[in-house]
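# Residue-level structural notes
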Amino acid sequence: MMQIMQQLSSHIHYLTPYQETDRPILAAITGTRSTLLVDAGNSSAHIQFFIDQLVKLDISPRWVVLTHWHWDHVFGMNQANTTIIAQTLTTEYIRRMQKWTWNDESLDQRVAEGTEIEFCSSAIKKELGDERDIILPTPDITFERKLELDLGRVHCVIEHVGGDHSDDSTVVYVEEDKVLFVGDALYPNIHVEPHEYTAEATLQLVDMLRQYDAETVVLSHHADIWDGARYQQELNLLEQIARLVQEPDLEEQAIAKQLAQHYGRELDDYERETITLFINGRRRQQNREPVTESGI
Ligand SMILES: [Zn+2]
């Protein structure tokens, strides 16, 4: 397994992500009194590997906060052996998920009926192999909007920000280090076909995120850590496109043209793809198609 421990700042260590089985970044924020983990990983093996590395550094976690309820961020919860903190919706979705079964048959059935996506189903099979006794405890502490945690000379703000990827998305800001963990909050909704962003949810999200003076930004499935400039660039891109797509008569090509004018250069592939994701969201909303209740 090609996952390695990295030190991000004087208080933060993290384990790099692993695309093959959709393992997100796991982080540990350490103060003089206690350590907070960001996310519980996609299996017992995943979180245990991280904890083993932390033990070598003489760090023992006391809390874990879940950035959202998706399987790859919560399946290691029980093995973490810490107090579990989650947003109201996250806890609600975990309670719902406690009733599900995870054998091939159940997964295939949920994919067939559209409550699960193939991408997650195959990653779950790969990560968990044949022994899938998944224990999902109910989080110990549930908060609605915001929670502040004093780890001892290190202060964390945990806040619900929502967004298209998952409406329970929560970020963790480490004040002393100006590090922001955004989880999957900046990613599009991948549980509808085609994948999409919506203008309203994105503008709200960008507004929430702008409150934080972030110099270092961690996206759960990005191996590269963003600096403040790269992060601002992303927020600006999302905001610009969201505003343009709100004009119902502005077609994809026209939006691309206006954005290119705004930047004073040609758009790259990533920017073009982002426009397409917003067009998908607008199209679905115009056709009044509901978002399919997706399992994961
Ligand atoms: Zn996710």
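For the structure itself, consult the block above.
Residues numbered from 1 in each chain as written. Predicted model: local features only at pLDDT ≥ 70, side-chain atom pairs only at ≥ 80, totals over all residues. Heavy atoms only, no water.

## With respect to the overall build of the chain
Regarding its fold elements, the chain presents ten helices and 13 strands. Taken over the C-alpha atoms alone, the chain extends approximately 55 × 45 × 35 Å along its principal axes. When each of the 296 residues of the chain is scored for burial, the buried share is 54%. Taking all contacts inside the chain whose residues are at least 6 apart in sequence as the whole, residues at least 24 apart take part in 63%. Working note: accessible area of the chain is about 13700 Å², and carbon and sulfur atoms make up 46% of it. (Helix = DSSP H or I, 4+ residues; strand = E, 2+ residues; numbered from the N terminus. Buried < 20%, exposed > 50% of the residue type's maximum accessible area, 1.4 Å probe, protein only. Contact = heavy atoms within 4.5 Å. Areas by Shrake-Rupley, 256 points an atom, 1.4 Å probe, with all protein chains shown as cover.)

## A short note on the sheet that holds strand β13 (residues 226-227)
Strand pairing in a sheet is mediated by backbone hydrogen bonds. Such pairs are either parallel or antiparallel. In spatial order, the strands read β8-β9-β10-β11-β12-β13; together these six strands make up an open sheet with mixed pairing. Strands at the two margins of the open sheet, each flanked by one partner only, are β8 (146-150) and β13. The sheet contact formed by strand β11 (residues 179-183) and strand β12 (residues 216-219) spans four bridges and is parallel. Directly across from F181, in β12, lies its bridge partner V218. (Pairing = 2+ DSSP bridges.)

## Some points on the nonpolar core
Among the nonpolar cores identified, the biggest contains 38 residues, and L180, V182, L186, L209 and Y231 are the most heavily contacted of them. At the level of elements, β10 (170-174), β11, α7 (199-209), β12, α8 (228-245), α9 (252-263) and α10 (269-286) are the ones that each hand at least two residues to this core. By residue number, the principal contributor to this core is α8, which donates eight residues. Beyond its immediate sequence surroundings of up to four residues, Y231 is in contact with L180, V182, L186, L209, A214, V217 and W226. Ranked by size, the runner-up nonpolar core spans 32 residues in total, among them L15, A80, Y93 and I94. (Core = buried A, V, L, I, M, F, W, Y, C linked by side-chain atoms within 4.5 Å.)

## Some thoughts on the pattern of salt bridges
One pass over the full model with this rule turns up 13 salt bridges. The partner of K126 in a salt bridge is E20, with the nearest N and O atoms 3.4 Å apart. Taken together, the positions of K126 in helix α6 (residues 118-128) and E20 in the loop between β2 (12-15) and β3 (26-30) put the pair 106 residues apart, joining distant regions of the chain. Given a relative accessible area of 48%, K126 falls into the partly exposed group. Where E215 meets K178, a salt bridge forms, and the shortest distance between an N and an O atom there is 3.9 Å. Of this pair, E215 sits in the loop between α7 and β12 while K178 sits in the loop between β10 and β11; the two residues are 37 residues apart in sequence, bridging distant segments of the chain. You can call E215 partly exposed: its relative accessible area is 46%. (Salt bridge = Lys/Arg side-chain N within 4 Å of Asp/Glu carboxyl O.)

## Quick look at empty space enclosed by the protein
To find leftover empty space, a probe the size of one water molecule is rolled over the atoms. In the structure shown here, the tally under the stated rule is one cavity of 30 Å³ or more. Put simply, the largest cavity is a space of about 50 Å³. Every residue lining the largest cavity is listed: I25, A27, V38, D39, F181, V182, G183, V218, L219 and S220. Only β11 and β12 provide two or more residues apiece to the lining of the largest cavity. Here the element with the most residues in the lining of the largest cavity is β11; it accounts for three residues. For the lining of the largest cavity, the residue count by class is seven nonpolar, two polar and one charged. (1 Å grid on protein atoms, 1.4 Å probe; cavity = no way out; pocket = protein on both sides within 12 Å on 5 of 7 lines; lining within 4 Å. Points joined across faces, edges and corners; volume = space filled by probe spheres on them. Nonpolar A, V, L, I, M, F, W, Y, C, P; charged D, E, K, R; others polar.)

## Description of the coordination of the zinc ion
The textbook angles at a metal center are 109.5 degrees for a tetrahedron of four donors and 90 or 180 degrees for an octahedron of six. For the zinc ion, the full set of protein donor atoms is H68 (NE2), H70 (ND1), H165 (NE2) and D184 (OD), and the range of their distances to it is 2.2 to 2.3 Å. Coordination at the zinc ion is irregular, judged from the four donor atoms that bind it and the angles of 87 to 175° they form at the metal. Ordering the donors of the zinc ion by residue number gives the pattern H-x1-H-x94-H-x18-D. Looking at H68, the relative accessible area reads 0%, which means it is buried. (Donors = N, O, S within 2.8 Å, 3.2 Å for Na, K, Ca; no water. Tetrahedral: all angles 85-135°; square planar, octahedral: opposite > 155°, others 65-115°.)

## Some thoughts on the packing of aromatic side chains
In the structure shown here, the tally under the stated rule is seven aromatic pairs. Ring centres of F75 and W102 lie 4.9 Å apart, and the angle between their planes is 80°; on these two criteria the pair is classed as edge-to-face. Taken as a pair, F75 in the loop between α2 (71-74) and α3 (77-80) and W102 in the loop between α4 (88-97) and α5 (104-112) lie far apart in primary sequence, 27 residues in all. Residue W102 is classed as buried on the basis of its relative accessible area of 5%. Here Y173 and Y212 contribute two aromatic rings whose centre-to-centre distance is 5.0 Å and whose plane-to-plane angle is 45°, an arrangement assigned as tilted. Taken together, the residues Y173 in strand β10 and Y212 in the loop between α7 and β12 connect sequence positions 39 residues apart. Take Y173 and Y212: they sit in the same class, and that class is buried. One aromatic cluster in this structure is built from W69, W71, F75, Y93, W100 and W102. For R110, the ring lying beneath its charged end belongs to W102, and the centroid distance is 4.8 Å. Stacked on the ring of Y263, the Lys or Arg R265 has its end atom at 4.7 Å from the ring centre. (Phe/Tyr/Trp six-rings, centres within 6.5 Å; stacked < 30°, edge-to-face > 60°. Lys NZ or Arg CZ within 6 Å of the ring centre and 35° of its normal.)

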